[in-house]
Amino acid sequence: TMYGTWWCSFCDAQRQSFGREAWTQVPYVECDPRAAGAEPMKCQTAGIQGFPEWVLPSGLHVNGLKSMDDFETLLAAETSKAGGNRPAGTTVLPMPGAGKDGEACEDCKVGDSLAAYKAASTKPST
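Residues numbered from 1 in each chain as written. Predicted model: local features only at pLDDT ≥ 70, side-chain atom pairs only at ≥ 80, totals over all residues. Heavy atoms only, no water.

## Observations concerning the packing of aromatic side chains
Within a pair of aromatic rings, the relevant descriptors are the distance that separates the centres and the angle that separates the planes. By the definition in use, this model includes six aromatic pairs. Seen in terms of ring centroids, F18 and W54 are 5.9 Å apart; in terms of plane orientation they differ by 35°. Their pairing is tilted. One end of the pair, F18, is in helix α1 (residues 9-18); the other, W54, is in strand β3 (residues 53-55), and 36 residues separate them in sequence. Each member of the pair, F18 together with W54, is buried. (Phe/Tyr/Trp six-rings, centres within 6.5 Å; stacked < 30°, edge-to-face > 60°. Helix = DSSP H or I, 4+ residues; strand = E, 2+ residues; numbered from the N terminus. Buried < 20%, exposed > 50% of the residue type's maximum accessible area, 1.4 Å probe, protein only.)

See below:
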């Protein structure tokens with residue numbers, strides 16, 4: 001489950017990184033009480049410290065904007081903890097990518113914040 005806010009640019013970049021189709025499958029809790037449908041008590045009860053913050057089925061909290069590779073690694077670790085089976089209630093999400101015509105999907109495009117994150121995460125360690 002992703003906990004976030006409507007005004008958080010990193011939350012927006014995270015939503016866009018999934019793409020429109022996949023995002024509809026992601027459990028999301030809006031934490032800003034000013035937003036329609038907000039559930040700030042869920043955020044408080046879950047102990048949310050920042051945005052975006054993910055709470056995995058095991059209860060592990062993961063903070064910040066994550067790449068699809070990060071999610072793959074996290075979910076693989078969750079699966080191995082569950083004895084090779086996906087934890088109950090998890091959904092396998094379609095990965096964003098090329099459309100039928102081979103072009104990148106429009107809803108997957110994000111601003112500079114995700115591009116900067118990707119660039120920083122691919123720098124070789126020194």
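## A closer look at the sheet that holds strand β1 (residues 2-4)
Here we have four strands laid out as an open sheet, ordered β2-β1-β3-β4, and mixed in their pairing. The open sheet has two edge strands with one neighbour each: β2 (28-30) and β4 (61-63). The sheet shows a mean angle of 25° between the axes of neighbouring strands, taken without regard to direction. When β1 meets β3, the two strands line up antiparallel, connected through two bridges. Each bridged residue has a counterpart across the sheet, and for Y3 the counterpart in β3 is E53. (Pairing = 2+ DSSP bridges. Axes fitted to C-alpha atoms, helices over the stretch in contact; angles between N-to-C directions.)

## Focus: the pattern of salt bridges
In this structure the tally under the stated criterion is two salt bridges. R34 is paired through a salt bridge with D32; the nearest N and O atoms lie 2.7 Å apart. Overall, D32 belongs to the buried group, its relative accessible area being 6%. Note that K42 and E39 form a salt bridge whose closest N and O atoms lie 3.1 Å from each other. K42 gets classed as partly exposed once you look at its relative accessible area, which sits at 45%. On the basis of relative accessibility, which here comes to 29%, the residue E39 falls in the partly exposed class. (Salt bridge = Lys/Arg side-chain N within 4 Å of Asp/Glu carboxyl O.)

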